[in-house]
Structure formats: C-alpha cells, structure tokens
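Structural features, examined
Each chain is listed here by its residues.
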Amino acid sequence: MTFAYMCIVIALILPIILAGIAKKESEVQINNNNPRDYIRNLNGKAKYAYGAEQNSYESFPPFAIAVIVAHLTGGTQLTIDILAGLYIFSRLMYIIFYLQGKGTLRSATYMVGLISTIALFFVS
C-alpha cells in the first residue's frame, strides 16, 4: 500500500474523531435513539468540531478520487505521496485552527488542501 493510499485511510478516520470530540464537548446528553438532536444545542469547541467534521466529509471524496486517479494514470509516486501528505497536513492544521476559532488560518489551510487535491489530478 502506498503512502498516498494510507492518507486516504487517515482522511477517512478524521471526521470520526471529530464526531467524538463534538459529542464529548457537548453540554447536552446524547440520546442514541435520536443521535443528531444534540447538534442544534452545540456551542464553542463542540460546535467547531461538528463544523470541521462536516467539512471533512465534504472534502474526503474529491481527495480519495484524486489519489486513485493519480495512481491509475501512472503519476510519479513521490509526487503523489507528497501531495497526499500535504493534504493530510493541511487537514490537521485546518482542524486545529477550526477548534481554536481562527477562521482566516482555517480558510488558508483549506485552500492548501484543495489545491493539493486538484494538483493530484494533473500528476504525471
């Protein structure tokens, strides 16, 4: 398994971790019969974790597809690995900045991840 494929697995796990943070930081007890009811009552770090979780779900499919396309089209493995690693690093920074409420830095790191995802489609 390549490093880039491992990055797909890491990206898949990130929103699950964020969901746990949102639930742990929530001031409302979680009702397993209605597991999403707590969302409307989120505040502070819990609300930020939920937002980062949702964005992680949104950014995952394009990234995973880009890595697979880069492999299938015979892209240089080192370049694929670097771009995939950059995506993961940018997502980790994105999460940190989101949880800290630093919107400008969060947006900047989002763009780094987006650019690395797009670049994966053009690796040769």
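Residues numbered from 1 in each chain as written. Predicted model: local features only at pLDDT ≥ 70, side-chain atom pairs only at ≥ 80, totals over all residues. Heavy atoms only, no water.

The secondary structure content of the protein chain amounts to four helices and zero strands. For the protein chain, the sequential pattern of α-helices and β-strands runs α-α-α-α. Counting only C-alpha atoms, the protein chain reaches 50 × 30 × 15 Å along its principal axes. Looking at the protein chain residue by residue over its 124 residues, the buried ones come to 38%. The contacts of the protein chain with a sequence gap of at least 6 include a subset with a gap of at least 24, amounting to 74%. Total accessible area on the protein chain stands at roughly 7,200 Å², and carbon and sulfur atoms take up 63% of it. Across the protein chain, the 9 positively charged side chains and the 6 negatively charged ones have centroids separated by 4 Å. (Helix = DSSP H or I, 4+ residues; strand = E, 2+ residues; numbered from the N terminus. Buried < 20%, exposed > 50% of the residue type's maximum accessible area, 1.4 Å probe, protein only. Contact = heavy atoms within 4.5 Å. Areas by Shrake-Rupley, 256 points an atom, 1.4 Å probe, with all protein chains shown as cover. Lys, Arg positive; Asp, Glu negative; His and termini not counted. Charge placed at Lys NZ, Arg CZ, Asp CG, Glu CD.)

Glancing now at the nonpolar core. The nonpolar side chains of a soluble globular protein tend to be buried with one another. Core analysis: the biggest nonpolar cluster contains 17 residues, and I8, A11, F63, V67, I80, A84 and L120 have the highest contact counts within it. Put simply, the parts of the chain that give this core at least two residues each are α1 (3–25), α2 (44–72) and α3 (77–99). For this core, the element with the most residues is α2, which contributes six residues. Excluding its chain neighbours within four sequence positions, the residues that come into contact with A11 are F60, F63, Y87 and I88. The next biggest cluster of nonpolar side chains, apart from the first, holds six residues, and it includes A52, Y94, I95 and Y98. (Core = buried A, V, L, I, M, F, W, Y, C linked by side-chain atoms within 4.5 Å.)

Attention now moves to the packing of α1 against α3. Interaxial distance between α1 and α3 falls to 8 Å at its minimum, and their mutual angle equals 15°. By the angle between their directions, the pair α1 and α3 is classed as roughly parallel. Judged by the sense of rotation from one axis to the other, the crossing of α1 with α3 is left-handed. Contact residues: F3, A4, C7, I10, A11, L14 and L18 in α1; Q77, I80, D81, A84, G85, Y87, I88, R91, L92 and I95 in α3. (Axes fitted to C-alpha atoms, helices over the stretch in contact; angles between N-to-C directions. Parallel < 35°, antiparallel > 145°, perpendicular 65-115°, else oblique. Left-handed = near helix turned anticlockwise from the far one by under 90°.)

Let us now look at the packing of aromatic side chains. Applying the stated criterion to the full structure yields four aromatic pairs. The interplanar angle of 75° and the centroid separation of 5.6 Å between the aromatic rings of Y94 and Y98 together place this pair among those described as edge-to-face. Placement of both Y94 and Y98 in helix α3 is noted, with a separation of four residues, approximately one turn of the helix. For the pair shown, Y94 and Y98 are each scored as buried. The interplanar angle of 50° and the centroid separation of 6.2 Å between the aromatic rings of Y94 and Y110 together place this pair among those described as tilted. (Phe/Tyr/Trp six-rings, centres within 6.5 Å; stacked < 30°, edge-to-face > 60°.)

Think of an α-helix as turning once every 3.6 residues; residues three or four places apart then point the same way. For α1, with 23 residues, the first-to-last C-alpha span of 32 Å sits near the 33 Å given by 1.5 Å per residue. Of all the positions in α1, only A4, C7, I8, A11, L14, P15, L18, A19 and A22 are classed as buried. As for α1, its buried residues are in contact with α2 and α3. (Expected span 1.5 Å × (residues − 1).)

Here we come to the packing of α1 against α2. The interhelical angle for the contact between α1 and α2, taken along N-to-C directions, is 170°, at an axis separation of 8 Å. Considering their axes alone, α1 and α2 lie roughly antiparallel with respect to each other. Residues belonging to the contact of α1 with α2 are distributed by class as follows: 21 nonpolar, two polar and three charged. (Nonpolar A, V, L, I, M, F, W, Y, C, P; charged D, E, K, R; others polar.)

The next point concerns the side chain of S56. With respect to the secondary-structure elements, S56 resides in helix α2. Owing to a relative accessible area of 3%, S56 belongs among the buried residues under this scheme. When residues no more than four places from it in sequence are discounted, the contact partners of S56 are P15, L18 and R91.

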